[in-house]
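Residue strings, one per chain:
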Amino acid sequence: MGDISGEILINSEMPSELNDLLSFVRTNSPYYQQLWRNVPSDGSAPLDQYPVVNHASYWAANTCMDSQVLTGPHVSGIVLKTGGTTSHPKVTFYAKDELRMASQQLGLGILAAGIRSHDRVANLFYAGEMYGSFLLHVLSIMDLTIPLVHLPIGGSCTSETTIQYMRESAATVVFSTVTTLVKLSEWLLGRQEVMMGIRVLMFSGEAFYEDQRSRVSQAFPRAKIRSLIYGSIDAGALGYSRSEHDSRLHTVSSPYVILEIAPDGLTSTKANGVPGSVLVTNMGRRLQPVIRYPSGDLAEWVDYENGIFRVLGRDTIGVRIGPVSIDTKHLRQIVTSSLGKSGDLGAFQAVISRANMRDVLTLRVGHRPTDEEVTRGAISKALNDARPMFLDHVERGLIAPLEIEFLAVEDFKISPTTGKLAELVDERPTV
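None of these values were measured; they are calculated from a predicted model. (Residues numbered from 1 in each chain as written. Predicted model: local features only at pLDDT ≥ 70, side-chain atom pairs only at ≥ 80, totals over all residues. Heavy atoms only, no water.)

**Observations regarding the overall build of the chain**
A tally of regular secondary structure across the chain gives eleven helices and 20 strands. A compact globule built from 431 residues would reach a C-alpha radius of gyration of about 22 Å, and the chain, at 23 Å, matches this within 12%. Once the C-alpha set of the chain is aligned to its principal axes, its extents read approximately 65 × 55 × 40 Å. Contacts in the chain between residues at least 24 apart in sequence constitute 67% of all its contacts with a sequence separation of at least 6. (Helix = DSSP H or I, 4+ residues; strand = E, 2+ residues; numbered from the N terminus. Rg over C-alpha atoms; globule rule 2.2 N^0.38 Å. Contact = heavy atoms within 4.5 Å.)

In C-alpha coordinates:
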(Lines give C-alpha, C1' and ligand atoms only; values in the text may rest on other atoms or scores of the structure.)
Protein backbone atom coordinates (compact mmCIF):
# COMPACT_ATOMS: atom_id res chain seq x y z
CA MET A 1 0.00 0.00 0.00
CA GLY A 2 2.84 2.35 -0.78
CA ASP A 3 1.18 4.25 -3.64
CA ILE A 4 -2.50 5.06 -3.76
CA SER A 5 -2.57 6.04 -7.43
CA GLY A 6 -5.00 3.75 -9.21
CA GLU A 7 -6.43 2.44 -5.96
CA ILE A 8 -9.00 5.16 -5.34
CA LEU A 9 -11.94 4.56 -7.67
CA ILE A 10 -13.97 7.74 -7.95
CA ASN A 11 -17.80 7.69 -7.93
CA SER A 12 -17.98 3.98 -8.66
CA GLU A 13 -21.54 3.32 -7.45
CA MET A 14 -21.21 -0.44 -8.03
CA PRO A 15 -24.94 -1.15 -8.56
CA SER A 16 -24.65 -4.91 -8.09
CA GLU A 17 -22.65 -4.62 -4.86
CA LEU A 18 -24.96 -1.86 -3.63
CA ASN A 19 -28.11 -3.86 -4.39
CA ASP A 20 -26.61 -6.87 -2.63
CA LEU A 21 -25.87 -4.74 0.45
CA LEU A 22 -29.35 -3.19 0.51
CA SER A 23 -31.01 -6.59 0.14
CA PHE A 24 -28.89 -8.10 2.91
CA VAL A 25 -29.61 -5.21 5.27
CA ARG A 26 -33.35 -5.24 4.58
CA THR A 27 -33.47 -8.96 5.33
CA ASN A 28 -31.41 -8.91 8.51
CA SER A 29 -31.69 -5.51 10.27
CA PRO A 30 -34.98 -4.88 12.13
CA TYR A 31 -34.28 -1.13 12.21
CA TYR A 32 -33.78 -0.81 8.46
CA GLN A 33 -36.71 -3.15 7.76
CA GLN A 34 -38.96 -0.64 9.50
CA LEU A 35 -37.25 2.41 7.99
CA TRP A 36 -37.56 1.03 4.45
CA ARG A 37 -41.07 -0.36 4.77
CA ASN A 38 -42.35 1.91 1.96
CA VAL A 39 -39.43 1.30 -0.42
CA PRO A 40 -39.93 -1.40 -3.09
CA SER A 41 -38.05 -4.57 -2.14
CA ASP A 42 -37.37 -5.74 -5.69
CA GLY A 43 -34.19 -3.66 -6.07
CA SER A 44 -35.78 -1.20 -8.50
CA ALA A 45 -35.50 1.86 -6.23
CA PRO A 46 -32.32 3.95 -6.60
CA LEU A 47 -30.35 4.79 -3.48
CA ASP A 48 -31.68 8.33 -3.25
CA GLN A 49 -35.22 6.95 -2.90
CA TYR A 50 -34.31 5.30 0.40
CA PRO A 51 -35.11 7.35 3.52
CA VAL A 52 -32.31 9.28 5.22
CA VAL A 53 -31.44 7.85 8.62
CA ASN A 54 -32.81 9.79 11.57
CA HIS A 55 -30.06 10.01 14.19
CA ALA A 56 -32.41 9.94 17.16
CA SER A 57 -34.22 6.75 16.08
CA TYR A 58 -31.00 5.11 14.88
CA TRP A 59 -29.20 5.52 18.20
CA ALA A 60 -32.30 4.67 20.21
CA ALA A 61 -32.43 1.38 18.32
CA ASN A 62 -28.69 0.70 18.61
CA THR A 63 -28.42 -0.29 22.27
CA CYS A 64 -25.32 -1.99 23.63
CA MET A 65 -26.74 -5.45 24.20
CA ASP A 66 -29.89 -5.67 22.08
CA SER A 67 -29.28 -3.56 19.00
CA GLN A 68 -32.06 -3.51 16.43
CA VAL A 69 -29.70 -1.99 13.88
CA LEU A 70 -27.32 -4.96 13.70
CA THR A 71 -27.81 -7.60 11.04
CA GLY A 72 -26.70 -10.46 13.29
CA PRO A 73 -24.88 -11.35 16.50
CA HIS A 74 -21.56 -9.64 17.18
CA VAL A 75 -19.25 -12.55 17.96
CA SER A 76 -15.89 -11.31 16.64
CA GLY A 77 -14.39 -7.86 16.24
CA ILE A 78 -14.52 -4.72 18.36
CA VAL A 79 -16.94 -2.33 20.08
CA LEU A 80 -16.04 1.37 19.96
CA LYS A 81 -17.62 4.35 21.65
CA THR A 82 -18.69 7.20 19.42
CA GLY A 83 -20.31 9.67 21.80
CA GLY A 84 -23.31 9.81 24.07
CA THR A 85 -23.07 9.95 27.86
CA THR A 86 -21.74 7.65 30.56
CA SER A 87 -25.24 6.38 31.32
CA HIS A 88 -26.32 6.23 27.66
CA PRO A 89 -23.22 5.72 25.51
CA LYS A 90 -23.31 5.53 21.73
CA VAL A 91 -21.32 2.53 20.54
CA THR A 92 -20.56 1.15 17.13
CA PHE A 93 -19.90 -2.50 16.31
CA TYR A 94 -17.25 -3.68 13.86
CA ALA A 95 -16.70 -7.27 12.74
CA LYS A 96 -13.04 -8.30 12.53
CA ASP A 97 -12.86 -8.02 8.74
CA GLU A 98 -14.60 -4.62 8.87
CA LEU A 99 -12.01 -3.37 11.37
CA ARG A 100 -9.24 -4.56 9.07
CA MET A 101 -10.86 -2.73 6.13
CA ALA A 102 -11.23 0.45 8.21
CA SER A 103 -7.53 0.42 9.11
CA GLN A 104 -6.61 -0.12 5.44
CA GLN A 105 -8.75 2.90 4.48
CA LEU A 106 -7.00 5.00 7.10
CA GLY A 107 -3.69 3.84 5.67
CA LEU A 108 -4.72 5.16 2.27
CA GLY A 109 -5.67 8.43 3.93
CA ILE A 110 -2.27 8.72 5.59
CA LEU A 111 -0.55 8.22 2.25
CA ALA A 112 -2.77 10.84 0.60
CA ALA A 113 -1.92 13.28 3.41
CA GLY A 114 1.80 13.06 2.62
CA ILE A 115 3.42 10.38 4.78
CA ARG A 116 6.84 9.27 3.50
CA SER A 117 9.14 6.34 4.01
CA HIS A 118 11.15 6.55 7.26
CA ASP A 119 8.88 9.17 8.82
CA ARG A 120 8.64 9.04 12.61
CA VAL A 121 4.98 9.46 13.57
CA ALA A 122 3.93 10.97 16.92
CA ASN A 123 0.43 9.63 17.56
CA LEU A 124 -1.20 12.14 19.93
CA PHE A 125 -4.75 10.85 19.74
CA TYR A 126 -6.53 9.81 22.91
CA ALA A 127 -6.71 6.17 23.98
CA GLY A 128 -8.97 4.24 26.31
CA GLU A 129 -12.61 4.37 27.41
CA MET A 130 -13.55 2.49 24.23
CA TYR A 131 -12.66 5.37 21.89
CA GLY A 132 -11.05 4.28 18.65
CA SER A 133 -8.89 7.06 17.18
CA PHE A 134 -5.60 6.05 18.83
CA LEU A 135 -6.08 2.32 18.20
CA LEU A 136 -7.18 2.71 14.59
CA HIS A 137 -4.14 4.79 13.76
CA VAL A 138 -1.89 2.18 15.37
CA LEU A 139 -3.47 -0.38 13.06
CA SER A 140 -3.34 1.89 10.00
CA ILE A 141 0.40 2.49 10.43
CA MET A 142 0.97 -1.25 10.76
CA ASP A 143 -0.99 -1.84 7.53
CA LEU A 144 1.32 0.38 5.45
CA THR A 145 4.10 -1.36 3.56
CA ILE A 146 6.43 1.66 3.65
CA PRO A 147 8.92 1.77 6.57
CA LEU A 148 7.71 4.01 9.42
CA VAL A 149 8.41 4.42 13.13
CA HIS A 150 5.36 4.79 15.36
CA LEU A 151 5.63 6.91 18.51
CA PRO A 152 2.51 6.07 20.60
CA ILE A 153 2.55 9.13 22.86
CA GLY A 154 -1.22 9.52 23.21
CA GLY A 155 -3.20 12.56 24.29
CA SER A 156 -3.13 12.44 28.07
CA CYS A 157 0.40 13.81 28.64
CA THR A 158 1.08 17.42 29.56
CA SER A 159 2.28 19.69 26.77
CA GLU A 160 5.75 19.70 28.27
CA THR A 161 5.97 15.90 28.35
CA THR A 162 4.54 15.55 24.85
CA ILE A 163 7.09 17.99 23.41
CA GLN A 164 9.86 16.18 25.28
CA TYR A 165 8.86 12.81 23.80
CA MET A 166 8.62 14.31 20.32
CA ARG A 167 12.07 15.87 20.59
CA GLU A 168 13.78 12.85 22.12
CA SER A 169 12.27 10.56 19.48
CA ALA A 170 12.96 12.96 16.57
CA ALA A 171 9.33 12.99 15.40
CA THR A 172 8.77 14.20 11.84
CA VAL A 173 4.98 13.77 11.55
CA VAL A 174 2.21 14.42 14.10
CA PHE A 175 -1.25 12.82 14.23
CA SER A 176 -3.49 14.94 16.49
CA THR A 177 -6.70 16.78 17.18
CA VAL A 178 -6.64 20.50 16.42
CA THR A 179 -7.10 21.38 20.09
CA THR A 180 -3.95 19.48 21.05
CA LEU A 181 -1.94 21.16 18.27
CA VAL A 182 -3.03 24.59 19.46
CA LYS A 183 -2.16 23.76 23.07
CA LEU A 184 1.31 22.54 22.06
CA SER A 185 1.83 25.66 19.96
CA GLU A 186 0.87 27.97 22.80
CA TRP A 187 3.21 26.09 25.16
CA LEU A 188 6.12 26.44 22.74
CA LEU A 189 5.52 30.08 21.86
CA GLY A 190 5.02 30.96 25.50
CA ARG A 191 8.62 29.86 26.02
CA GLN A 192 9.82 31.41 22.77
CA GLU A 193 10.54 27.97 21.35
CA VAL A 194 9.75 26.26 18.05
CA MET A 195 10.04 22.75 16.63
CA MET A 196 11.90 22.75 13.33
CA GLY A 197 11.95 18.97 12.80
CA ILE A 198 8.23 18.46 12.23
CA ARG A 199 7.52 18.04 8.53
CA VAL A 200 3.74 17.50 8.52
CA LEU A 201 0.98 18.09 11.07
CA MET A 202 -1.98 15.81 10.30
CA PHE A 203 -5.24 16.54 12.09
CA SER A 204 -8.69 15.00 12.28
CA GLY A 205 -11.76 15.03 14.48
CA GLU A 206 -12.16 18.83 14.52
CA ALA A 207 -12.25 21.73 12.09
CA PHE A 208 -9.00 23.66 11.66
CA TYR A 209 -9.87 27.35 11.57
CA GLU A 210 -7.77 29.90 9.75
CA ASP A 211 -7.36 31.96 12.93
CA GLN A 212 -5.60 28.97 14.54
CA ARG A 213 -3.30 28.28 11.61
CA SER A 214 -0.93 31.22 12.07
CA ARG A 215 -0.17 30.34 15.70
CA VAL A 216 0.44 26.70 14.89
CA SER A 217 2.63 27.65 11.94
CA GLN A 218 4.72 29.92 14.16
CA ALA A 219 5.42 27.04 16.55
CA PHE A 220 6.05 24.51 13.75
CA PRO A 221 7.51 26.74 11.02
CA ARG A 222 8.54 23.98 8.60
CA ALA A 223 5.39 21.88 8.93
CA LYS A 224 2.67 21.54 6.36
CA ILE A 225 -0.83 21.28 7.84
CA ARG A 226 -2.93 18.52 6.29
CA SER A 227 -6.20 16.79 6.99
CA LEU A 228 -5.35 13.25 8.07
CA ILE A 229 -8.72 11.83 7.09
CA TYR A 230 -12.29 13.03 6.80
CA GLY A 231 -14.60 10.66 8.61
CA SER A 232 -15.83 9.38 11.95
CA ILE A 233 -15.95 6.19 13.98
CA ASP A 234 -19.65 5.72 13.28
CA ALA A 235 -19.64 6.55 9.55
CA GLY A 236 -16.13 5.42 8.54
CA ALA A 237 -13.38 7.01 6.44
CA LEU A 238 -15.22 9.23 3.97
CA GLY A 239 -12.53 11.25 2.22
CA TYR A 240 -8.78 11.51 1.68
CA SER A 241 -6.79 14.73 1.91
CA ARG A 242 -6.59 16.45 -1.45
CA SER A 243 -4.57 19.64 -0.97
CA GLU A 244 -1.82 21.05 1.21
CA HIS A 245 -3.20 24.54 0.61
CA ASP A 246 -6.88 23.90 1.47
CA SER A 247 -7.29 21.28 4.18
CA ARG A 248 -11.05 21.20 3.56
CA LEU A 249 -10.61 19.56 0.15
CA HIS A 250 -10.99 15.78 0.03
CA THR A 251 -11.46 12.98 -2.46
CA VAL A 252 -14.26 10.50 -1.79
CA SER A 253 -12.88 7.23 -0.43
CA SER A 254 -14.53 5.26 -3.20
CA PRO A 255 -15.26 2.38 -3.62
CA TYR A 256 -15.53 1.98 0.15
CA VAL A 257 -18.24 4.62 0.56
CA ILE A 258 -20.87 6.37 -1.50
CA LEU A 259 -21.05 10.02 -0.51
CA GLU A 260 -24.03 12.24 -1.29
CA ILE A 261 -24.44 15.97 -0.78
CA ALA A 262 -28.08 16.91 -0.15
CA PRO A 263 -28.98 20.63 -0.11
CA ASP A 264 -32.35 19.90 1.51
CA GLY A 265 -30.98 17.11 3.68
CA LEU A 266 -32.82 14.49 1.62
CA THR A 267 -32.21 14.80 -2.12
CA SER A 268 -28.65 14.53 -3.43
CA THR A 269 -27.14 16.88 -5.99
CA LYS A 270 -24.35 16.47 -8.53
CA ALA A 271 -23.98 20.22 -9.01
CA ASN A 272 -20.65 21.77 -8.07
CA GLY A 273 -20.61 24.61 -5.54
CA VAL A 274 -23.99 23.83 -3.95
CA PRO A 275 -23.75 23.33 -0.15
CA GLY A 276 -25.63 20.47 1.43
CA SER A 277 -25.69 17.87 4.18
CA VAL A 278 -23.25 14.96 3.80
CA LEU A 279 -24.99 11.57 3.57
CA VAL A 280 -22.90 8.41 3.82
CA THR A 281 -23.41 4.86 2.63
CA ASN A 282 -20.55 2.67 3.82
CA MET A 283 -20.18 -0.30 1.47
CA GLY A 284 -18.07 -2.28 3.94
CA ARG A 285 -20.28 -2.07 7.03
CA ARG A 286 -22.60 -5.07 7.00
CA LEU A 287 -22.81 -5.85 10.73
CA GLN A 288 -23.94 -2.34 11.71
CA PRO A 289 -25.08 -0.83 8.40
CA VAL A 290 -24.51 2.82 7.58
CA ILE A 291 -26.81 3.72 4.70
CA ARG A 292 -27.79 7.30 3.83
CA TYR A 293 -26.50 8.28 7.26
CA PRO A 294 -26.02 12.03 7.91
CA SER A 295 -22.42 12.72 8.91
CA GLY A 296 -23.44 15.95 10.64
CA ASP A 297 -21.36 18.08 8.24
CA LEU A 298 -22.00 20.42 5.34
CA ALA A 299 -20.00 20.13 2.12
CA GLU A 300 -20.07 21.05 -1.55
CA TRP A 301 -18.85 19.33 -4.68
CA VAL A 302 -15.79 20.93 -6.26
CA ASP A 303 -15.53 18.33 -9.02
CA TYR A 304 -18.32 15.78 -8.83
CA GLU A 305 -17.02 13.63 -11.69
CA ASN A 306 -13.70 13.14 -9.91
CA GLY A 307 -15.16 12.85 -6.43
CA ILE A 308 -13.59 16.04 -5.06
CA PHE A 309 -15.53 17.89 -2.36
CA ARG A 310 -14.94 20.64 0.18
CA VAL A 311 -16.04 20.26 3.81
CA LEU A 312 -17.76 23.47 4.91
CA GLY A 313 -18.20 22.76 8.61
CA ARG A 314 -20.79 21.27 10.90
CA ASP A 315 -24.45 21.31 10.07
CA THR A 316 -26.10 24.11 12.04
CA ILE A 317 -25.34 23.94 15.76
CA GLY A 318 -27.78 26.40 17.27
CA VAL A 319 -27.37 28.27 20.53
CA ARG A 320 -30.80 29.01 21.99
CA ILE A 321 -30.84 31.62 24.76
CA GLY A 322 -34.42 32.12 25.85
CA PRO A 323 -36.27 32.58 22.54
CA VAL A 324 -33.17 33.82 20.69
CA SER A 325 -31.36 31.37 18.38
CA ILE A 326 -27.81 31.96 17.12
CA ASP A 327 -25.53 29.66 15.13
CA THR A 328 -22.19 28.92 16.83
CA LYS A 329 -20.49 29.51 13.48
CA HIS A 330 -21.82 33.07 13.45
CA LEU A 331 -20.79 33.63 17.06
CA ARG A 332 -17.25 32.60 16.20
CA GLN A 333 -17.22 34.94 13.19
CA ILE A 334 -18.43 37.82 15.38
CA VAL A 335 -15.61 37.21 17.88
CA THR A 336 -12.94 36.82 15.17
CA SER A 337 -13.96 40.01 13.36
CA SER A 338 -13.99 41.92 16.66
CA LEU A 339 -10.41 40.93 17.45
CA GLY A 340 -9.23 42.54 14.22
CA LYS A 341 -5.46 42.71 14.01
CA SER A 342 -5.00 42.39 17.76
CA GLY A 343 -4.34 38.68 17.60
CA ASP A 344 -5.51 35.21 16.63
CA LEU A 345 -8.32 33.21 18.18
CA GLY A 346 -6.74 30.11 19.68
CA ALA A 347 -10.01 28.56 20.89
CA PHE A 348 -13.68 29.45 21.20
CA GLN A 349 -16.56 28.11 23.25
CA ALA A 350 -20.15 29.24 23.84
CA VAL A 351 -21.57 28.31 27.25
CA ILE A 352 -25.23 28.58 28.22
CA SER A 353 -26.12 28.61 31.91
CA ARG A 354 -28.87 29.85 34.23
CA ALA A 355 -28.78 32.67 36.79
CA ASN A 356 -31.63 34.56 38.46
CA MET A 357 -34.18 32.60 36.42
CA ARG A 358 -32.68 33.79 33.11
CA ASP A 359 -30.52 32.16 30.44
CA VAL A 360 -26.93 33.41 30.35
CA LEU A 361 -24.68 33.27 27.26
CA THR A 362 -20.95 33.28 28.04
CA LEU A 363 -18.38 33.41 25.26
CA ARG A 364 -15.04 31.91 26.21
CA VAL A 365 -12.39 33.44 23.98
CA GLY A 366 -8.91 31.93 23.62
CA HIS A 367 -7.11 35.25 23.25
CA ARG A 368 -5.33 37.77 25.49
CA PRO A 369 -6.20 41.26 24.20
CA THR A 370 -4.17 44.32 25.09
CA ASP A 371 -7.28 45.97 26.50
CA GLU A 372 -9.89 43.46 27.66
CA GLU A 373 -12.64 46.02 28.21
CA VAL A 374 -12.29 47.56 24.75
CA THR A 375 -12.32 44.12 23.10
CA ARG A 376 -15.21 42.96 25.28
CA GLY A 377 -17.18 46.03 24.20
CA ALA A 378 -16.37 45.41 20.53
CA ILE A 379 -17.60 41.82 20.70
CA SER A 380 -20.78 42.82 22.54
CA LYS A 381 -21.53 45.59 20.03
CA ALA A 382 -20.92 43.27 17.08
CA LEU A 383 -23.36 40.71 18.50
CA ASN A 384 -26.00 43.35 19.19
CA ASP A 385 -25.60 44.76 15.67
CA ALA A 386 -25.83 41.30 14.09
CA ARG A 387 -28.70 40.10 16.30
CA PRO A 388 -30.80 43.04 17.56
CA MET A 389 -33.23 40.52 19.05
CA PHE A 390 -30.55 39.50 21.56
CA LEU A 391 -30.12 43.10 22.83
CA ASP A 392 -33.89 43.63 22.86
CA HIS A 393 -34.42 40.59 25.09
CA VAL A 394 -31.59 41.68 27.41
CA GLU A 395 -33.15 45.12 27.80
CA ARG A 396 -36.53 43.55 28.51
CA GLY A 397 -34.96 41.38 31.22
CA LEU A 398 -35.84 38.14 29.47
CA ILE A 399 -32.23 36.95 29.15
CA ALA A 400 -29.04 37.97 30.95
CA PRO A 401 -26.46 40.36 29.43
CA LEU A 402 -23.67 38.76 27.40
CA GLU A 403 -20.66 37.61 29.39
CA ILE A 404 -17.18 37.25 27.87
CA GLU A 405 -14.17 35.46 29.35
CA PHE A 406 -10.65 35.72 27.93
CA LEU A 407 -8.70 32.53 28.62
CA ALA A 408 -5.41 30.92 27.71
CA VAL A 409 -5.94 27.91 25.45
CA GLU A 410 -4.71 25.51 28.14
CA ASP A 411 -7.45 26.78 30.48
CA PHE A 412 -10.27 25.56 28.25
CA LYS A 413 -12.04 22.41 29.36
CA ILE A 414 -11.61 19.69 26.77
CA SER A 415 -12.91 16.15 26.69
CA PRO A 416 -10.57 13.99 28.81
CA THR A 417 -11.24 11.03 26.53
CA THR A 418 -11.05 12.52 23.02
CA GLY A 419 -9.05 15.74 23.49
CA LYS A 420 -11.66 17.69 21.53
CA LEU A 421 -13.10 21.07 22.44
CA ALA A 422 -16.88 21.38 22.32
CA GLU A 423 -17.88 24.72 20.79
CA LEU A 424 -21.21 24.61 22.61
CA VAL A 425 -21.67 23.68 26.29
CA ASP A 426 -25.15 23.75 27.82
CA GLU A 427 -24.89 23.88 31.61
CA ARG A 428 -28.55 24.57 32.26
CA PRO A 429 -30.10 22.09 34.71
CA THR A 430 -33.05 20.12 33.38
CA VAL A 431 -35.81 18.29 35.19
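There is more to say after this.
**Overview of the confidence of the model for the chain**
Scored by pLDDT, the chain has a mean of 88; 92% of the residues are at 70 or more. Taken together, the stretch residues 1–14 has pLDDT below 50 and engages in 41 contacts with residues farther than four places along the chain or on a different chain. (pLDDT = per-residue confidence, 0-100.)

**Some thoughts on the environment of V311**
Relative to the assigned elements, V311 resides in strand 14 (residues 308–314). The spatial distance from the C-alpha of V311 to the C-alpha of P275 is 9.2 Å, given a sequence separation of 36 residues.

**Looking at the sheet that holds strand 18 (residues 358–365)**
As summarised here, the arrangement of the four strands in space is 19-18-17-20, forming an open sheet in which the pairing is mixed. At either end of the open sheet lies a strand with only one pairing partner, and these are strand 19 (403–406) and strand 20 (424–426). With direction set aside, neighbouring strand axes in the sheet form an average angle of 20 degrees. Running over the sheet, helix 9 (residues 328–339) touches strand 17 (348–355), strand 18 and strand 20 and is turned about 110 degrees from strand 17. (Pairing = 2+ DSSP bridges. Axes fitted to C-alpha atoms, helices over the stretch in contact; angles between N-to-C directions.)

**Notes on the sheet that holds strand 7 (residues 224–227)**
One open sheet accounts for five strands, arranged 4-3-5-6-7; its pairing is parallel. Where the open sheet ends on each side, the last strands, each with one partner, are strand 4 (149–151) and strand 7. Averaged over all neighbouring strand pairs, the angle between strand axes comes to 20 degrees, with direction disregarded. Strand direction decides the pairing type here: strand 5 (residues 173–176) and strand 6 (residues 200–203), joined by four bridges, are parallel. Across the sheet, residue S176 finds its bridge partner in strand 6, namely F203.

**Here's the deal with the side chain of S253**
By the element assignment, S253 lies in the loop between strand 10 (249–252) and strand 11 (257–262). Exposure remark for S253: the relative accessible area of 0% places this residue in the buried category. In this structure the side chain of S253 is engaged in a polar contact, spanning 2.6 Å, whose partner is the backbone oxygen of A237. (Buried < 20%, exposed > 50% of the residue type's maximum accessible area, 1.4 Å probe, protein only. Polar contact = N/O pair within 3.5 Å; in protein donor to acceptor, adjacent residues only side chain to side chain.)

**Some points on helix 6 (residues 159–168)**
Among the residues of helix 6, S159, T162, I163 and M166 are the ones counted as buried. One side of helix 6 holds all its buried residues, which, seen down the axis, span an arc of 95 degrees. The outward face of helix 6, more than 90 degrees from its buried face, is lined by the exposed residues E160 and E168. Considering only its buried residues, helix 6 is in contact with strand 3 (120–123), strand 5 and helix 7 (178–190). Backbone geometry just after helix 6 places A170 at a positive phi near 55 degrees. (Arc of directions from axis to C-beta.)

**A few points about helix 7**
Counted at 1.5 Å a residue, the expected span for helix 7 with its 13 residues is 18 Å, and the 18 Å between its end C-alpha atoms agrees. Along helix 7, ten of the 13 residues are buried, which leaves the element largely enclosed by surrounding structure. If you check which residues of helix 7 are buried, you get V178, T179, T180, L181, V182, L184, S185, W187, L188 and L189. In the core, the buried residues of helix 7 are packed alongside helix 6, strand 5, strand 6 and helix 8 (210–219). Q192, located one to two residues past helix 7, shows a positive phi value of around 55 degrees. (Expected span 1.5 Å × (residues − 1).)

**Section: the nonpolar core**
Judged by nonpolar contacts, the single largest core of 36 residues is most densely connected at Y31, Y32, W36, Y58, L259, I291 and F309. Those residues in contact with Y58 that lie beyond four places of it in its chain are Y31, Y32, V53, V69, Q288, P289, V290 and Y293. By size, the runner-up hydrophobic cluster in this structure holds 26 residues, among which are I163, I198, A223 and I225. (Core = buried A, V, L, I, M, F, W, Y, C linked by side-chain atoms within 4.5 Å.)

**With respect to the packing of aromatic side chains**
All told, the structure shown has ten aromatic pairs when counted by the stated rule. Ring centres 5.0 Å apart and planes at 65 degrees place the aromatic pair F203 and F208 in the edge-to-face group. Of the two residues examined, F203 and F208, each falls in the buried class. Feature note: the residues Y31, Y32, W36, Y50, Y58, W59 and Y293 constitute an aromatic cluster, connected by ring pairs. (Phe/Tyr/Trp six-rings, centres within 6.5 Å; stacked < 30°, edge-to-face > 60°.)

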